[in-house]
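Chain and residue survey
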Amino acid sequence: MSEYIHEIVLQEYIIEKISHLNLSVSYKGFSRMKLVDATFNNTGTFWDLSGKLENGDWIPIEVEWTTKNFFLHKHHVDKNFKKFKRENGVLLVLRKTKELSEIQQISIFDSLSESQFKKEFQSWFKKKSSEYV
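Since the model is a prediction, treat every value here as computed from it, not as a measurement.

Rules used in this analysis
- Residues numbered from 1 in each chain as written.
- Predicted model: local features only at pLDDT ≥ 70, side-chain atom pairs only at ≥ 80, totals over all residues.
- Heavy atoms only, no water.
- Helix = DSSP H or I, 4+ residues; strand = E, 2+ residues; numbered from the N terminus.
- Buried < 20%, exposed > 50% of the residue type's maximum accessible area, 1.4 Å probe, protein only.
- Lys, Arg positive; Asp, Glu negative; His and termini not counted.
- Salt bridge = Lys/Arg side-chain N within 4 Å of Asp/Glu carboxyl O.
- Polar contact = N/O pair within 3.5 Å; in protein donor to acceptor, adjacent residues only side chain to side chain.
- Contact = heavy atoms within 4.5 Å.
- Axes fitted to C-alpha atoms, helices over the stretch in contact; angles between N-to-C directions.
- Parallel < 35°, antiparallel > 145°, perpendicular 65-115°, else oblique.
- Nonpolar A, V, L, I, M, F, W, Y, C, P; charged D, E, K, R; others polar.

**Structural notes on the side chain of Asp48**
Within the element layout of this structure, Asp48 appears in the loop between β2 (31–40) and β3 (49–53). Look at Asp48: it is buried, it has no salt bridge, and the nearest opposite charge is Lys83 at 15 Å. At 3.2 Å, the side chain of Asp48 forms a polar contact with the side chain of Gln11. If near-sequence neighbours (up to four positions away) are discounted, Asp48 is found in contact with Glu7, Gln11, Thr39, Phe40, Asn41, Ile61, Glu62 and Val63.

Laid out in structure tokens, this is it:
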């Protein structure tokens, strides 16, 4: 899908649907927290979104269609990568294509089946598509 639909579309989908995606992350290495809100990141760093956890804390979220894009975009060597890790940054992908050891990675498919995602994304995209033309 990433060959046809720009990543910004997936980012917008996540911002609008994050509370319904039922995604949780390991927070500070000892507890699970649900992601309840998201906004675009405007700090000049590489990650795409800031995600709000159920405890009110905000963390960096890098959105990619697949894990391999994180490396293709060279985020792992970016000057802000250490900050991303220090602030509990998460890679949120549609499809995991590689396991990661340095950062936490979650997939939309962790909470939705592929067929559920396709159905929901298609419905959402049809409503939004006129904005992209």
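**Focus on the packing of helix α1 (residues 7–21) against helix α4 (residues 114–132)**
Close contact between α1 and α4 brings their axes to 11 Å; oriented N to C, the two are set at 110 degrees. When the axes of α1 and α4 are compared, the pair comes out roughly perpendicular. Contact residues: α1 offers Val9, Glu12, Tyr13, Glu16 and Lys17, while α4 offers Phe117, Glu120, Phe121, Trp124, Phe125, Lys128 and Tyr132. Across the contact of α1 with α4, the residue classes break down as seven nonpolar, no polar and five charged.

Everything listed here is a matter of coordinates, which is why it stays silent on function.
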